[in-house]
Amino acid sequence: MEAMNDNSTLYDLAMNLESSHSQVIPITMFIAVLCLCLVIGHLLEEYRWVNESITAILIGCVAGTIILCTSKWKSSRLLTFNEELFFIYLLPPIIFNAGFQVKKKQFFHNLFPIMLFGVAGVFISTSIVAAGSWWLFPKLGFEGLTISDYLSIGTIFSSTDTVCTLQVLNQDETPLLYSLVFGEGVVNDATSVVLFNAVQKMNADTLNGQTALRIFVDFLYLFSMSTILGVTAGLVTAFILKGLYFGRHSSVREIALMVLVAYLSYMLAELFELSGILTVFFAGVLMSHYSWHNVTESSRITTRYAFATLSFIAETFIFLYVGMDALDYAKWKTSTISFGTKMGIYCTVMLLILLGRAVFVFPLSVITNYMYRSGGESAKITGQHQMVIWWAGLMRGAVSVALAFKQAFFCNISVLFCNSHFTHSGVTLDPTNATMITTTIVIVLFSTVVFGFLTKPLIDHLLPPNSNTTRVSRDPGPKEDMTLPLMSLEESASENLSRAKDNLSMLMDRPVYTIHSYWRRFDTAYMRPIFGGPSENDNDASC
């Protein structure tokens, strides 16, 4: 009996080793293709209209075609897509680096339009895409979707591609545009994921004002709590680095602490069902503003390049896989609708995306210009800027693909798939889901390649390099004494009252600049002595 158990154990061990070895080959090949992407991307660097996203997608399509032919039309992928792989391992370094590298003064100076575009814009776009799909899909012969399904479609196709957009624009060449598009992309992704999760919990028969209000309240809770968690993680890291001064023994520990705390904050957010995207983004912002100034000079240089490298690899990995997955024969075969219907669905979704983005970009830009009306012409979002923002946000990326795979339609096919039509291999057995996945992939490929090719020429046409409009930012306002307190116990009540009236008048006249000014005073007087930060000489480069 013991001999039989020993044989069984050896057999299981052998099978596990064989299974593990079988995964080594595709992973090795995928890494080799990833290296090829880097080499080709370097050779195409001088062609500014070809960004890394387009290069990775095209190489992925070529590699997928080769694999599809060699496997006799069984599969086009070396690896299997798993939305958990994307949300847990690939997305955190991308978003963290975005927060760590962002020019905080630009981002927070433009926080009002960023929140308008990233939050209100997602709700408007979701409504347009969902309503349009509900009205047009049955006319095209694509039926069987519920209200929850249409709302999920709206959230899936309202998520813009932060990665590809940031590769098209340049932070130094177009600071205002980069700040708006970058900020909107981060907030947009967080809003889309939170809204998608809220829709999944909603009953299709209870779509009314009360349900909409509950979704909005849940969103405010998730947004605020996620932000607080990220800020707390950044401040705790800064306090530890400033108080313990890791650098006197090892600069490696400094970098390791920043990375681990940032990732811990992301995982805690996911554990508590918050938005990990917002959490790790604000953790990156706070670490850049405080922690980065508490480490040694070698650690400062290392963090800048190390975080950017991890983000770059993750970005390339995602788009390379999307290119391979586009040729997955199983999903295309599962979808049973006709070719004409598919083309009608693709065109309908793309037109709804164009319309949904235009509906909120241009009106919300008018509102933003009104709020910044006292800043002069340099503070306005011009018509050229609005066109670039509208166009750059048309690209869809890996977040849309991940949400499409995560989508679980209610079904009657089998009891085993009542909660989800997706197997662990990433293949759906339901024709409706297969259609939506292939639609998402087509939209991602088309928008990334076509709009990615045209965005740079469009920017050069609307904002020529010799144009001053590409170099201006919002008016920073008059110079001020940052050490001057808002209220002082050493001054008389009449002087304090006069200062309060002046501050209130400035708040009414220039609300965004005034709030930003108050924060800089508070940061200089109270935050930096505790958590560290830039010196007075570097104050202008800080938020």
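Residues numbered from 1 in each chain as written. Predicted model: local features only at pLDDT ≥ 70, side-chain atom pairs only at ≥ 80, totals over all residues. Heavy atoms only, no water.

1. Things to note about the overall build of the chain
Here is step 1: The secondary structure content of the chain amounts to 19 helices and 0 strands.
Here is step 2: Within the chain, the proportion of its 543 residues that are buried is 52%.
Here is step 3: Accessible surface, the chain as shown: approximately 25,600 Å² in total, 67% of it carbon and sulfur. (Helix = DSSP H or I, 4+ residues; strand = E, 2+ residues; numbered from the N terminus. Buried < 20%, exposed > 50% of the residue type's maximum accessible area, 1.4 Å probe, protein only. Areas by Shrake-Rupley, 256 points an atom, 1.4 Å probe, with all protein chains shown as cover.)

2. Some words on the confidence of the model for the chain
Here is step 1: Residues at a pLDDT of 70 or more form 71% of the chain, whose mean pLDDT is 75.
Here is step 2: Across the chain, helix H10 (residues 251-271) holds the top mean pLDDT of 90, while helix H18 (residues 493-509) sits lowest at 56.
Here is step 3: Under a pLDDT of 50 for its full length, residues 408-426 has, in the predicted model, 38 contacts with residues more than four places off or in other chains.
Here is step 4: Per-residue pLDDT stays below 50 along residues 468-485; that stretch engages in 51 contacts with residues further than four places along the chain or on separate chains. (pLDDT = per-residue confidence, 0-100. Contact = heavy atoms within 4.5 Å.)

3. Remarks on the nonpolar core
When a protein is soluble and globular, its nonpolar side chains tend to lie buried together.
Here is step 1: In terms of nonpolar packing, the biggest core is built from 116 residues, with Phe 86, Phe 157 and Leu 320 touching the most fellow members.
Here is step 2: Here Leu 320 is in contact with Phe 30, Val 33, Leu 34, Cys 37, Ala 56, Ile 59 and Gly 60, once residues within four sequence places are set aside.
Here is step 3: Counting 8 residues, the second-largest nonpolar core is a separate cluster that includes Ala 130, Leu 195, Ala 198 and Val 199. (Core = buried A, V, L, I, M, F, W, Y, C linked by side-chain atoms within 4.5 Å.)

4. Describing a nonpolar patch on the surface
Here is step 1: A cluster of nonpolar side chains, Leu 213, Phe 216, Val 217 and Leu 220, forms an exposed patch at the surface whose accessible area comes to about 370 Å².
Here is step 2: One can find Phe 216 in helix H9 (residues 209-244). (Patch = residues over 30% accessible without salt bridge, like charges linked within 9 Å, V, L, I, M, F, W, Y side chains within 5 Å. Salt bridge = Lys/Arg side-chain N within 4 Å of Asp/Glu carboxyl O.)

5. Things to note about helix H6 (residues 147-156)
Helical geometry note: an α-helix holds 3.6 residues per turn, so side chains three or four residues apart project in the same direction.
Here is step 1: In terms of burial, H6 is a largely internal element, 9 of the 10 residues being buried.
Here is step 2: If you check which residues of H6 are buried, you get Ser 148, Asp 149, Tyr 150, Leu 151, Ser 152, Ile 153, Gly 154, Thr 155 and Ile 156.

6. Re the packing of aromatic side chains
Here is step 1: Per the counting criterion, the structure on display carries 14 aromatic pairs.
Here is step 2: Between Phe 96 and Phe 307 the ring centres are 5.0 Å apart and the planes differ by 75 degrees, which places this aromatic pair in the edge-to-face class. Placement of Phe 96 in helix H3 (residues 83-101) and of Phe 307 in helix H12 (residues 297-325) is noted, with a sequence separation of 211 residues between them. A single burial state applies to Phe 96 and to Phe 307, both of which are buried.
Here is step 3: Taken together, the ring pairs in this structure connect Trp 390, Trp 391, Phe 446 and Phe 451 into an aromatic cluster.
Here is step 4: One Lys or Arg, Arg 300, reaches over the ring of Trp 292 and ends 5.2 Å from the middle of that ring.
Here is step 5: A cation over an aromatic ring shows up here: Arg 304 above the ring of Trp 292, its NZ or CZ 4.5 Å from the ring centre. (Phe/Tyr/Trp six-rings, centres within 6.5 Å; stacked < 30°, edge-to-face > 60°. Lys NZ or Arg CZ within 6 Å of the ring centre and 35° of its normal.)

7. Description of the side chain of Ser 125
Here is step 1: Counting through the fold element by element, Ser 125 comes out in helix H5 (residues 111-136).
Here is step 2: In this structure, Ser 125 is in contact with Ser 158, Gly 356 and Phe 360, ignoring residues within four places of it in sequence.

8. A short note on the packing of H10 against helix H11 (residues 276-289)
Here is step 1: Two numbers describe how H10 lies on H11: the axes approach to 8 Å, and their chain directions differ by 155 degrees. Here H10 is positioned roughly antiparallel relative to H11, judged by the angle of their axes. Where H10 crosses over H11, the handedness of that crossing is right-handed. Along the contact surface, H10 presents Met 258, Val 261, Ala 262, Ser 265, Tyr 266, Ala 269 and Glu 270, while H11 presents Gly 276, Ile 277, Thr 279, Val 280, Ala 283 and Met 287.
Here is step 2: Class assignment of the residues belonging to the contact of H10 with H11 gives a composition of 9 nonpolar, 3 polar and 1 charged. (Axes fitted to C-alpha atoms, helices over the stretch in contact; angles between N-to-C directions. Parallel < 35°, antiparallel > 145°, perpendicular 65-115°, else oblique. Left-handed = near helix turned anticlockwise from the far one by under 90°. Nonpolar A, V, L, I, M, F, W, Y, C, P; charged D, E, K, R; others polar.)

9. What to know about the pattern of salt bridges
Here is step 1: Applying the stated criterion across every chain yields a total of 2 salt bridges.
Here is step 2: The salt bridge partner of Glu 184 is Arg 357, with a shortest N-O separation of 2.8 Å. Taken together, the positions of Glu 184 in helix H8 (residues 175-200) and Arg 357 in helix H14 (residues 339-371) put the pair 173 residues apart, joining distant regions of the chain.

10. Quick look at unusual backbone geometry
The general pattern is negative phi for most residues beyond glycine and trans for most peptide bonds.
Here is step 1: A positive phi angle, near 60 degrees, is found at Glu 273, a position not held by glycine.
Here is step 2: Looking at where Glu 273 falls in the secondary structure, it is placed in the loop between H10 and H11.
Here is step 3: Owing to a relative accessible area of 56%, Glu 273 belongs among the exposed residues under this scheme.

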